[in-house]
Amino acid sequence: MTARIDHLVTSGTFALDGGEWDVDNNVWIVGDDTEAIVIDAAHDAAAIAAALGGRTLRAIVCTHAHNDHIDAAPALADATGAQILLHPDDLPLWKQTHPNRTPDAELADGQELEIAGTTLQVLHTPGHAPGAVCLYAPELATVFTGDTLFQGGPGATGRSFSHFPTIVESIRDRLLALPGETTVRTGHGDSTTIGAEAPHLDEWIARGH
């Protein structure tokens, strides 16, 4: 059986640099009827566990370590025994939310994660956060972009640990090189495609944010 993609939206708070914002997060579950991985354990470990429906959780993959993407990760890991995977460049952000718990393993550019017969390639895409990654699943014609690329442009770079020229470089060199028909499944909001976003790179650069 080919892996499928399940989608859950959870709600909570994003907090950084002394501010707080109410947010809805996309939680992506990739797997088959027996095993799965979770991409971004946001806000509600119980809801994510329920969506797994008894499947074995192989890993909790963090696209980056802003609190709204990782706040439920330890509880979900404790409930399922799954490892939490994070790029090491985001450890300073992780520690702001979970100072007494570290991720279980590191993500690295070029690493391949296997689940339900499907390969997800780790693409290091800094800019929104130093350790931000995207996960490209060519067999599913999908890339999970976290907060690096959205419908309509790059993720925010106006707060600590972020850098606009870096996110543009990440998108141009790593994401826009993917096939145009690739579905972009984002950390918040609606999905898009690489082909829909690629023509607008110069507009984003001109806006400068």
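For the structure itself, consult the block above.
Residues numbered from 1 in each chain as written. Predicted model: local features only at pLDDT ≥ 70, side-chain atom pairs only at ≥ 80, totals over all residues. Heavy atoms only, no water.

Draft legend 1. Seen up close, the layout of surface pockets. Here the largest pocket is characterised by a volume of approximately 210 Å³. Lining the largest pocket are 16 residues, and of these Phe14, His128, Asp147, Ala156 and Arg159 sit closest to its centre. Listed by contribution, the elements that provide at least two residues to the lining of the largest pocket are β1 (4-16) and β2 (19-31). In the lining of the largest pocket, the residues fall into 6 nonpolar, 7 polar and 3 charged. (1 Å grid on protein atoms, 1.4 Å probe; cavity = no way out; pocket = protein on both sides within 12 Å on 5 of 7 lines; lining within 4 Å. Points joined across faces, edges and corners; volume = space filled by probe spheres on them. Helix = DSSP H or I, 4+ residues; strand = E, 2+ residues; numbered from the N terminus. Nonpolar A, V, L, I, M, F, W, Y, C, P; charged D, E, K, R; others polar.)

Draft legend 2. Spotlight on the side chain of Asp68. Inspection of the secondary structure assignment puts Asp68 in helix α2 (residues 67-70). If we ignore the near neighbours within four places in the chain, the residues touching Asp68 are Thr13, Phe14, Val23, Asn25, Ala42, His43 and His188. (Contact = heavy atoms within 4.5 Å.)

Draft legend 3. Spatial organisation of the sheet that holds strand β10 (residues 142-146). Spatially, 6 strands are ordered β7-β8-β9-β10-β13-β14 in an open sheet, and the strand pairing comes out mixed. Taken across any chain shown, the strands that pair with only one partner, and hence form the sheet edges, are β7 (112-115) and β14 (192-193). The pairing of β10 with strand β13 (residues 183-186) spans 4 bridges and is parallel. For Phe144, the partnering residue across the bridge sits in β13 and is Arg185. Docked against the sheet, helix α5 (residues 164-175) engages β8 (118-124), β9 (133-137) and β10, running at close to 145° with respect to β8. (Pairing = 2+ DSSP bridges. Axes fitted to C-alpha atoms, helices over the stretch in contact; angles between N-to-C directions.)

Draft legend 4. The arrangement of unusual backbone geometry in detail. With phi around 55°, Asp17 is a residue other than glycine that occupies positive phi space. Its identity as a non-glycine residue notwithstanding, Ala116 has a phi of 50°, on the positive side. Judged by relative accessible area, Ala116 falls into the buried class, the value being 8%. (Buried < 20%, exposed > 50% of the residue type's maximum accessible area, 1.4 Å probe, protein only.)

Draft legend 5. Broad picture of α5. For α5, built from 12 residues, the straight-helix expectation of 16 Å at 1.5 Å per residue is met to within 8% by its first-to-last C-alpha distance of 16 Å. Three or more residues of α5 are buried, namely Phe164, Ile167, Val168, Ser170, Ile171 and Leu175. Taken down its axis, α5 places every buried residue within 160° of arc, on the same side. (Expected span 1.5 Å × (residues − 1). Arc of directions from axis to C-beta.)

Draft legend 6. Main features of the sheet that holds β1. Pairing within the open sheet is mixed, and its 6 strands lie in the order β1-β2-β3-β4-β5-β6. The open sheet has two edge strands with one neighbour each: β1 and β6 (105-106). Bridging between β2 and strand β3 (residues 35-39) involves 4 bridges; their strand directions are antiparallel. For Trp28, the partnering residue across the bridge sits in β3 and is Ile39. In this fold helix α1 (residues 45-52) packs onto β1, β2, β3 and β4 (56-61), with an angle of close to 20° to the strand it touches most, β2. In this fold helix α3 (residues 73-80) packs onto β3, β4 and β5 (83-86), with an angle of close to 155° to the strand it touches most, β4.

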